[in-house]
Amino acid sequence: MTVQEFATISAAIKAAWPQENIMPDKQSKDVWYTMLSDLDYRSCMAALKEHMSVNKFAPTIAEIRERCSNITSAPLPDWSDAWENIMSVIRFYGMYREEEALQRMDAITRKCVKRLGFRNLCTSKDITADRANFRMIYEQERKNQKEFRQLPPVLQEQKKRVQQIEGAW
């Protein structure tokens, strides 16, 4: 987003919520621009219009980034859809074709299944408990992924590097 495009976004926020003291000085505008500049202008404007349509209060930077992420990224599957996928993959591949089965899952589902153990799920005696455990793990991973998508690319890279360093320990 260019500085001129951001000026349009800023003006729209101020016009929609004139009673709020948003971006009152150059420093606050600089912070807002720094945190939104990596976003596509059209997506940001669409996110802002969406926020204007359903909220009485001015958006925060995080709310704009979240809405932009929802507009520009494919939606993450719901846990119940992911669970249904696991059950159908297990029925089709069985417990002896684990690698093939894992390839039929999205990244979040695959990560959760690996944590629970693919073979454990295949041979489970208590599928209700496994489903509940999967749901807890999946919802946390989905939340983490959703928040990661909202980060500016520079912060995403920094976070990946830190996680790689910590993972090495």
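Reading guide: rules and limits
- Residues numbered from 1 in each chain as written.
- Predicted model: local features only at pLDDT ≥ 70, side-chain atom pairs only at ≥ 80, totals over all residues.
- Heavy atoms only, no water.
- Helix = DSSP H or I, 4+ residues; strand = E, 2+ residues; numbered from the N terminus.
- Axes fitted to C-alpha atoms, helices over the stretch in contact; angles between N-to-C directions.
- Parallel < 35°, antiparallel > 145°, perpendicular 65-115°, else oblique.
- Left-handed = near helix turned anticlockwise from the far one by under 90°.
- Contact = heavy atoms within 4.5 Å.
- Nonpolar A, V, L, I, M, F, W, Y, C, P; charged D, E, K, R; others polar.
- Expected span 1.5 Å × (residues − 1).
- Buried < 20%, exposed > 50% of the residue type's maximum accessible area, 1.4 Å probe, protein only.
- Core = buried A, V, L, I, M, F, W, Y, C linked by side-chain atoms within 4.5 Å.
- Salt bridge = Lys/Arg side-chain N within 4 Å of Asp/Glu carboxyl O.

A. Region of interest: unusual backbone geometry. Phi is positive for M23, close to 50 degrees, though the residue is something other than glycine. Of note, M23 is situated in the loop between α1 (3-16) and α2 (26-36).

B. Quick look at the packing of helix α3 (residues 41-54) against helix α4 (residues 61-72). Packing of α3 against α4 leaves a shortest axis separation of 8 Å and a crossing angle of 115 degrees. The angle between α3 and α4 places the two elements in the roughly perpendicular class. Crossing hand, α3 versus α4: right-handed. Between α3 and α4, the residues in contact are S43, C44, A46, A47, E50, H51 and V54 and E63, I64, R67, C68, I71 and T72, respectively. Residue composition of the contact of α3 with α4, grouped by class: seven nonpolar, three polar and three charged.

C. Seen up close, the packing of α1 against α2. Contact pair α1 / α2: the axes reach a minimum separation of 11 Å and the direction vectors enclose 115 degrees. For the pair α1 and α2, the sense of crossing is right-handed. Counting all contacts with α1, which are made through V3, F6, S10, I13 and K14, the residues of α2 involved are K29, W32, Y33 and L36.

D. Here's a closer look at helix α9 (residues 127-150). An ideal rise of 1.5 Å per residue puts 34 Å on 24 residues; α9 measures up with 34 Å between its terminal C-alpha atoms. All of the buried residues along α9 are D130, F134, I137, Y138, E141, F148 and Q150.

E. Structural detail: the nonpolar core. Counting 21 residues, the largest nonpolar core has I86 and F134 as its most contacted members. Counting only elements with at least two residues in this core, the list comes to α5 (79-93), α6 (98-103), α7 (107-116), α8 (118-122) and α9. Sorting elements by how many residues they give to this core places α5 first, with eight residues. Beyond its immediate stretch of four places on either side in the chain, F134 contacts W79, A82, W83, I86, T109, C112 and L116. Among the nonpolar cores identified, the runner-up in size contains 19 residues, and A12, I13, M23 and L48 belong to it.

F. Looking closely at the pattern of salt bridges. If you walk through the whole model with that rule in mind, you get 12 salt bridges. With a shortest N-O distance of 3.0 Å, R97 and E100 are connected by a salt bridge. Notably, a salt bridge pairs K160 with E157, separated by 3.7 Å at the nearest N-O pair. Here the residue K160 and the residue E157 both occupy positions in helix α10 (residues 153-168), the gap between them amounting to three residues, near one helical turn. Residue classification places K160 among the partly exposed positions, given a relative accessible area of 37%. Relative accessible area serves as the criterion here: at 40%, E157 is assigned to the partly exposed category. In this structure, a network of salt bridges that share partners links the residues K111, R115 and E141.

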